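What follows is the residue order along each chain.
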Amino acid sequence: QVQLVESGGGLVQPGGSLKLSCAASGSIFSINIMGWYRQAPGKERELVATITRIGRTNYLDSVKGRFTISRDNAKNTVYLQMNSLKPEDTAVYYCNAKALTTTLTSGENWGQGTQVTVSS
């Protein structure tokens, strides 16, 4: 009932920047928390950043000061601006949204993932 579509991943050199976008669509009544997670090969999925509907943010310690999460509530879209990228940021990045549908069903929704590779 809720679909998340990510875009913006790719290959970038260390020190470079990328901006990820994730647009939610479907039978959405409201979206509380939106966020980004990542999973590197051989590692567990980890939370990168979250943002509430009123703009409160939370970041993984290792990305603080380099990544910025933002959202456009009118467009049901969340962004992740990633600066000063490091090879250890290489992972598949997943969008996440905790949404309430028009049938008043709440649930957690995931995007399909977008690859971010930081390499020279």
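Details of the structure are given in the entry above.
Residues numbered from 1 in each chain as written. Predicted model: local features only at pLDDT ≥ 70, side-chain atom pairs only at ≥ 80, totals over all residues. Heavy atoms only, no water.

**Brief notes about the pattern of salt bridges**
The criterion, for reference: Salt bridges are defined as contacts in which a side-chain nitrogen from Lys or Arg sits within 4 Å of a carboxyl oxygen from Asp or Glu. By the criteria applied, helices consist of DSSP H or I runs no shorter than four residues and strands consist of E runs no shorter than two, each listed in order from the N terminus. Three exposure classes are used, based on accessible area relative to the maximum for each residue type with a 1.4 Å probe and protein chains only: buried under 20%, partly exposed in between, and exposed over 50%.
Counted according to the given criterion, the structure contains five salt bridges. Asp89 serves as the salt-bridge partner of Arg38, at 3.0 Å between the closest nitrogen and oxygen. Taken as a pair, Arg38 in strand β4 (residues 28-39) and Asp89 in the loop between β8 (77-82) and β9 (91-101) lie far apart in primary sequence, 51 residues in all. What makes Arg38 buried here is its relative accessible area of 7%. Judged by relative accessible area, which is 1%, Asp89 ranks as buried. Residue Asp89 is joined to Arg66 by a salt bridge in which the shortest nitrogen-to-oxygen separation is 2.8 Å. On the criterion of sequence distance, the pair formed by Asp89 in the loop between β8 and β9 and Arg66 in the loop between β6 (57-59) and β7 (67-72) is long-range, its members being 23 residues apart. As far as the burial class goes, Asp89 and Arg66 line up, both buried. Through salt bridges that share partners, Arg38, Glu46, Arg66 and Asp89 make up one connected network.

Treat this as a map of the structure, not an account of what it does.
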